[in-house]
Amino acid sequence: TVDEYEVMKLHPVDGEAMLASEPALEAAARIVRSHHERFDGAGYPDGLEGRDIPLASRIIAVCDALDAMTHDRQYRRAMPLNMAFAILREHAGSQWDERVVEQVMATVPTMPIENAFDQVGRDDDLERTPIPDDIGELLLTVDAEI
């Protein structure tokens, strides 16, 4: 509902307050506050526009949207990566910083997947799972193992 959406839109401010209260996380507070701002200024909570939005917030906004689109939600199934990329492209320059969209779309397909735990020093005798063809399945597998 409209009322529920207004409550949901409070989470960037609530997140900022939580982080600001912990000295070790204080630097991330502004980034969290601004992660739902839109490049065209139509976002929330402050209506920031373009480069006034912290770069880290612009990056998180694109990554968060890609993650949301490629995972199942209560109200819809995950979409394939190519469809999520099409949506990112369509809204680059309005919802998201087009330079960030370009970089995320260039980086995601090149991310190492096979033996990723070895590359970060986490080989801990984990059961090896075959790498799925669909990125949504891959993300669900990684989420389950971490």
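Structure first, text after, so check above.
Keep in mind that what you see is a predicted model, and the values were worked out from it rather than measured. (Residues numbered from 1 in each chain as written. Predicted model: local features only at pLDDT ≥ 70, side-chain atom pairs only at ≥ 80, totals over all residues. Heavy atoms only, no water.)

## Thoughts on the packing of helix 4 (residues 55–69) against helix 5 (residues 81–91)
Formally: In this description, a line fitted to the C-alpha atoms serves as the axis of each element, helices being fitted only across the stretch in contact, and the angle between N-to-C directions of two axes falls anywhere from 0 to 180 degrees. Under the DSSP-based scheme used, a helix requires at least four consecutive residues in state H or I and a strand at least two consecutive residues in state E, with every element numbered from the N terminus. We call two directions roughly parallel when the angle between them is under 35 degrees, roughly antiparallel when it is over 145, roughly perpendicular when it lies between 65 and 115, and oblique otherwise. Should the near helix be turned anticlockwise from the far one by less than a right angle, the crossing is termed left-handed; should it be turned clockwise, right-handed. Contacts were defined at the residue level, with two residues in contact if any of their heavy atoms lie within 4.5 Å.
The contact between helix 4 and helix 5 brings their axes to 9 Å, and the two run at 140 degrees. One finds that helix 4 runs oblique with respect to helix 5. In the packing of helix 4 onto helix 5, the handedness of the crossing is right-handed. For the pair formed by helix 4 and helix 5, the contact residues are Val62, Ala65, Leu66 and Met69 on the first element and Leu81, Ala84, Phe85, Ile87 and Leu88 on the second.

## A look at the pattern of salt bridges
Put simply, the test is: Salt-bridge detection follows one rule: a side-chain nitrogen of Lys or Arg within 4 Å of a carboxyl oxygen of Asp or Glu. To sort residues, take the accessible area from a 1.4 Å probe on protein chains only and compare it with the maximum for the residue type: under 20% means buried, over 50% means exposed, and anything in between is partly exposed.
Per the counting criterion, the structure on display carries eight salt bridges. The closest approach of N and O atoms between aspartate 97 and arginine 51, which form a salt bridge, is 3.7 Å. Residue aspartate 97 is found in the loop between helix 5 and helix 6 (98–107), and its partner arginine 51 is found in the loop between helix 3 (29–33) and helix 4; the two are separated by 46 residues along the sequence. The class of aspartate 97 is buried, set by a relative accessible area of 2%. Ionic contacts of the salt-bridge type, sharing partners, join the residues Arg51, Arg58, Asp97 and Arg99 into one network.

## Describing unusual backbone geometry
With an omega of 15 degrees, the peptide bond running from tyrosine 44 to proline 45 counts as cis. Position of proline 45 relative to the elements: it lies in the loop between helix 3 and helix 4.

## Regarding helix 2 (residues 11–20)
The α-helix advances 3.6 residues per turn, and as a result positions three or four apart in sequence lie on the same side. Under the convention used in this document: Think of it as the arc spanned by the lines of direction from the helix axis to the C-beta atoms.
Within helix 2, burial applies to Pro12, Gly15 and Leu19. Taken around the axis of helix 2, the buried residues stretch over an arc of 60 degrees, which confines them to a single face.

## Quick look at the nonpolar core
To keep it simple, the criterion reads: Nonpolar core, defined: a set of buried Ala, Val, Leu, Ile, Met, Phe, Trp, Tyr and Cys residues in which side-chain atoms within 4.5 Å join the residues together.
The biggest cluster of nonpolar side chains holds 15 residues, and the ones touching the most others in it are Val62, Leu66, Leu88 and Trp96. Those elements that place two or more of their residues in this core are helix 4, helix 5 and helix 6. If one sorts the elements of this core by residue count, helix 4 sits on top with five residues. In contact with leucine 88, other than residues within four places in its own chain, are Val62, Ala65, Leu66, Met69, Trp96, Val101 and Met105.

## Digging into helix 6
Put simply, the rule is: In the analysis that follows, any N or O atom pair within 3.5 Å is treated as a polar contact, provided that within protein one partner can donate a hydrogen and the other can accept it, and provided that, for residues neighboring in sequence, both atoms belong to side chains.
The complete set of buried residues in helix 6 reads Val100, Val101, Val104 and Met105. When helix 6 is viewed along its axis, its buried side chains cluster within an angular range of 130 degrees and face the same direction. Along its buried surface, helix 6 packs onto helix 4 and helix 5. Backbone nitrogen of arginine 99 and a side-chain oxygen of the N-cap are separated by 2.8 Å at the start of helix 6; the cap is aspartate 97.

## Description of the environment of glutamate 16
Tracing the sequence through the fold places glutamate 16 in helix 2. Aside from chain neighbours lying at most four places away, what touches glutamate 16 is Ala29, Val32 and Arg33. Of the polar contacts made by the side chain of glutamate 16, one reaches the side chain of arginine 33; its length is 2.6 Å.

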